[in-house]
Amino acid sequence: MIEGFEGINIAVNDPKTFVLFYKDQLGVPLVFEGHGNYVGAKLAFSRNDPGIIVWDKASGDVAVHDLTEFVFRSADLDKTYETLKFNGVDIQPPFLAEWGGKELRCADPEGNSILILEEAY
């Protein structure tokens, strides 16, 4: 039977740029570098946690879908905002969402949406 959830495969135009954005600008750990040029790379907070598994869209190895939204969490969105802004991420300040928690939004180099939450939902 199924024993766990490994992650989500995503096919992108430029695996290296995608991985380095998440690793260097957002601070998401790179737990597996892939099989060359970041193809098959895994971004996650530990090797055993579910993660984003990156593939080259041109290879046809992974299903290609429309854009995706990745959801992360942070204990301090104001500090996270300042860090991401310093790292060169095009980002607007955090805001109070209708559901009562704080949110921070930006996009990755492929145009996927990134949502960072401060409060539990």
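The shown structure was predicted, so the numbers you read here are calculated from the model rather than taken from an experiment.

*Asks:* Explain the sheet that holds strand S7 (residues 102-107) here, please?
*Replies:* Adjacent strands of a sheet form backbone hydrogen bonds with each other and so pair up, either parallel or antiparallel. Pairing is mixed in the open sheet, where 4 strands are placed in the order S5-S8-S7-S6. Only two strands of the sheet have a single neighbouring strand rather than two, namely strand S5 (69-73) and strand S6 (95-96). Against the sheet, helix H2 (residues 77-86) engages S7 and strand S8 (113-117), with an angle of about 20° to S7.

*Asks:* Got a minute to help me understand the sheet that holds strand S4 (residues 51-56) in this structure?
*Replies:* With respect to topology, 4 strands assemble into an open sheet ordered S1-S4-S3-S2, the strand pairing being mixed. The sheet is open, and its two borders are formed by strand S1 (7-12) and strand S2 (30-32), each paired with just one other strand. Within this sheet the neighbouring strands show an average axis-to-axis angle of 35°, counted without direction. As paired elements, strand S3 (residues 41-43) and S4 share 3 bridges and run antiparallel to each other. Across the sheet, the residue bridging to lysine 42 is isoleucine 53, located in S4. Its contacts with the sheet place helix H1 (residues 15-25) against S1, S2, S3 and S4, and it is angled at close to 160° to S4.

*Asks:* Is there a simple way to think about unusual backbone geometry in this case?
*Replies:* Negative phi characterises most residues that are not glycine, and trans characterises most peptide bonds. With a phi angle near 55°, asparagine 37 is a residue other than glycine that sits in the positive phi range. By the secondary structure assignment, asparagine 37 is in the loop between S2 and S3. Not every positive phi belongs to a glycine, and tyrosine 38 is a case in point at roughly 65°. With respect to the helices, strands and loops of the structure, tyrosine 38 is situated in the loop between S2 and S3.

*Asks:* Where do I start with the side chain of glutamate 110 in this structure?
*Replies:* Among the structural elements, glutamate 110 can be located in the loop between S7 and S8. Polar contacts involving the side chain of glutamate 110 include one to the main-chain amide nitrogen of asparagine 13, which spans 3.0 Å. Within the structure, glutamate 110 has its side chain in polar contact with the backbone nitrogen of aspartate 14 (distance 3.3 Å). Ignoring sequence-local partners within four residues, the contact set of glutamate 110 consists of Val12, Asn13, Asp14, Phe18 and Leu67.

*Asks:* Explanation requested: the packing of aromatic side chains in the structure shown.
*Replies:* Pairs of aromatic rings are described using the distance from one ring centre to the other and the angle between the two planes. Counted according to the given criterion, the structure contains 5 aromatic pairs. A ring pair is formed by phenylalanine 18 and tyrosine 22, whose centres lie 4.8 Å apart and whose planes are at 40°; its orientation type is tilted. With phenylalanine 18 and tyrosine 22 both in helix H1 and 4 residues apart, the pair spans about one turn of that helix. Taken together, a centroid distance of 5.4 Å and an interplanar angle of 85° make the contact between phenylalanine 21 and tyrosine 22 edge-to-face. Overall, the relative accessible area of 6% leaves phenylalanine 21 in the buried class. Accessibility expressed as a relative area gives 0% for tyrosine 22, which makes it buried.

The rules behind these values
Residues numbered from 1 in each chain as written. Predicted model: local features only at pLDDT ≥ 70, side-chain atom pairs only at ≥ 80, totals over all residues. Heavy atoms only, no water. Pairing = 2+ DSSP bridges. Helix = DSSP H or I, 4+ residues; strand = E, 2+ residues; numbered from the N terminus. Contact = heavy atoms within 4.5 Å. Axes fitted to C-alpha atoms, helices over the stretch in contact; angles between N-to-C directions. Polar contact = N/O pair within 3.5 Å; in protein donor to acceptor, adjacent residues only side chain to side chain. Phe/Tyr/Trp six-rings, centres within 6.5 Å; stacked < 30°, edge-to-face > 60°. Buried < 20%, exposed > 50% of the residue type's maximum accessible area, 1.4 Å probe, protein only.

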